[in-house]
Amino acid sequence: MIATQAKLVYQLNKYYNERCQARKAAIAKTIREVCKVVSDVLKEVEVQEPRFISSLSEIDARYEGMEVISPNEFEVVLYLNQMGVFNFVDDGSLPGCAVLKLSDGRKRSMSLWVEFITASGYLSARKIRSRFQTLVAQAVDKCSYRDVVKMVADTSEVKLRIRERYVVQITPAFKCTGIWPRSAAQWPMPHIPWPGPNRVAEVKAEGFNLLSKECYSLTGKQSSAESDAWVLQFSEAENRLLMAGCRKKCLSVLKTLRDRHLELPGQPLNNYHMKTLLLYECEKHPRETDWDESCLGDRLNGILLQLISCLQCRRCPHYFLPNLDLFQGKPHSALEAAAKQTWRLAREILTNAKSLDKL
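My aim in this report is to walk through the structure given alongside it, one point at a time. Predicted model, so just to flag it, every value in this text is computed and none were measured. (Residues numbered from 1 in each chain as written. Predicted model: local features only at pLDDT ≥ 70, side-chain atom pairs only at ≥ 80, totals over all residues. Heavy atoms only, no water.)

**What about the overall build of the protein?**
Defined as follows: The helix and strand labels rest on DSSP assignments: H or I over at least four residues marks a helix, E over at least two residues marks a strand, and numbering proceeds from the N terminus. Taken over C-alpha atoms, the radius of gyration is set against a globule rule of 2.2 Å times the number of residues to the power 0.38. Burial status follows relative accessibility: with a 1.4 Å probe on protein chains alone, a residue under 20% of its type maximum counts as buried, one over 50% as exposed, and anything between as partly exposed. Residue contacts are defined here by distance: any two heavy atoms, one from each residue, within 4.5 Å place the two residues in contact. Here the positive residues are Lys and Arg and the negative ones are Asp and Glu; neither His nor the chain ends is included. Lys charges are placed at NZ, Arg charges at CZ, Asp charges at CG and Glu charges at CD.
A count of helices and strands for the protein gives nine helices and eleven strands. Radius of gyration (C-alpha) of the protein: 21 Å, near the 21 Å computed for a compact globule of 359 residues. Each principal axis of the C-alpha distribution contributes one length, and for the protein these read about 70 × 50 × 40 Å. Counting over 359 residues, the protein shows a buried share of 50%. Within the protein, contacts between residues at least 6 apart in sequence are counted, and of these 70% link residues at least 24 apart. Taken together, the 51 basic and 41 acidic charged side chains of the protein have centroids lying 2 Å from each other.

The following block contains the structure:
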């Protein structure tokens, strides 16, 4: 048994050093190329409208605010200033979303975003995005990369297609630090020892983002209040939780397997599903020794089996917001195909570690 485990860990390390590192290098190269274009577009936007200041910056060879959705799809979060006069209201009526409401009607004229405030005092995510979309469309025509970049039509999101190969979504957002959403109040579960009180305090202090984008749970039933809502996002908190042991290596292997074998019609699975299941696996295996390099094979198998179970039940709860289902709106046939393909993949890795050479 131990020899089999050791063989699997050896093969996974080889897979990580060859396949995962090659994927990382290719994505890093793409990001540099894409960020040049996006920065140029955002510079033009800023000239027209100084309230939209580009927050895309390179720190230690990483771009702050850049999320990789897949090797050809990215999201850039553009942080806006001055949320000050608004209260964060999160009453759970819109899973995964919250609203920003004027703390005092008399402060309306003090807001930097006055023309995007609705009659009932909400700062409208949709109105801000609509204005931003108009500015980006104008900037695309003026920027020095106009030959290689164009707006993606037929969407309320702000998306650019670059060199006909890459899609980048640019999402206006507010950073919320020092508060924690009520809809995530059940985290951490009292009976689960991971991640421990000190790490919990760090994660909660890190806070979360409010994004202006279409919400999972609202597709197809947008009332005006709902389209004014902001989407909760916890990427910094999640990254902080995955820092120790072989967690990041495990995520890298999962992303590489997804990119190579689970990019399926109907797009049932993205890298965020992998990250979410990894966080649940951390709760199931709370001891740091469970995340030693020698356990990489066991953790990977556990996550793949959990993924199959989620796909078969057609439900994948968000880690911090369990009322939000990350499979909502995905075609059942696509989830079924993904379950079968994941099962083939897991069986292959479990029964023959050397198969990783071909995967």
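Moving on from the coordinates now.
**Here we look at the pairing of strand E9 (residues 166-176)**
So the rule is basically this: Should DSSP find at least two bridges between two strands, the strands are regarded as paired.
Among the eleven residues that make up E9, ten are buried, leaving the element largely enclosed by the rest of the structure. Inspection of the sheet shows strand E8 (residues 159-162) paired to E9 by four bridges, in the antiparallel sense. Paired with Lys 159 across the strands is Gln 169, a residue of E9. Between E8 and the antiparallel strand that follows it, E9, lie three residues; Arg 163 among them carries a positive phi value of about 50°. Sheet topology note: the E9/strand E10 (residues 208-211) ladder contains four bridges and is antiparallel. In the sheet register, Phe 174 faces E10, and the bridge partner there is Leu 210.

**Re the packing of helix H8 (residues 296-313) against helix H9 (residues 332-351)**
We count it as follows: For helices, the fitted axis covers only the stretch in contact; all axes are lines through C-alpha atoms, and the angles between them, taken along N-to-C directions, range from 0 to 180 degrees. Roughly parallel means an angle under 35 degrees; roughly antiparallel, over 145; roughly perpendicular, 65 to 115; everything else is oblique. When the near helix sits turned anticlockwise from the far one by under a right angle, the crossing is termed left-handed; a clockwise turn instead gives a right-handed crossing. Put simply, Ala, Val, Leu, Ile, Met, Phe, Trp, Tyr, Cys and Pro go in the nonpolar bin, Asp, Glu, Lys and Arg in the charged bin, and everything else, Gly too, in the polar bin.
The interhelical angle for the contact between H8 and H9, taken along N-to-C directions, is 160°, at an axis separation of 9 Å. Considering their axes alone, H8 and H9 lie roughly antiparallel with respect to each other. Considering only the axes of H8 and H9, their crossing is left-handed. Between H8 and H9, the residues in contact are Leu 300, Asn 301, Leu 304, Leu 305, Leu 307, Ile 308, Leu 311 and Gln 312 and Leu 335, Ala 338, Ala 339, Thr 342, Trp 343, Ala 346, Ile 349 and Leu 350, respectively. Class assignment of the residues belonging to the contact of H8 with H9 gives a composition of 13 nonpolar, three polar and no charged.

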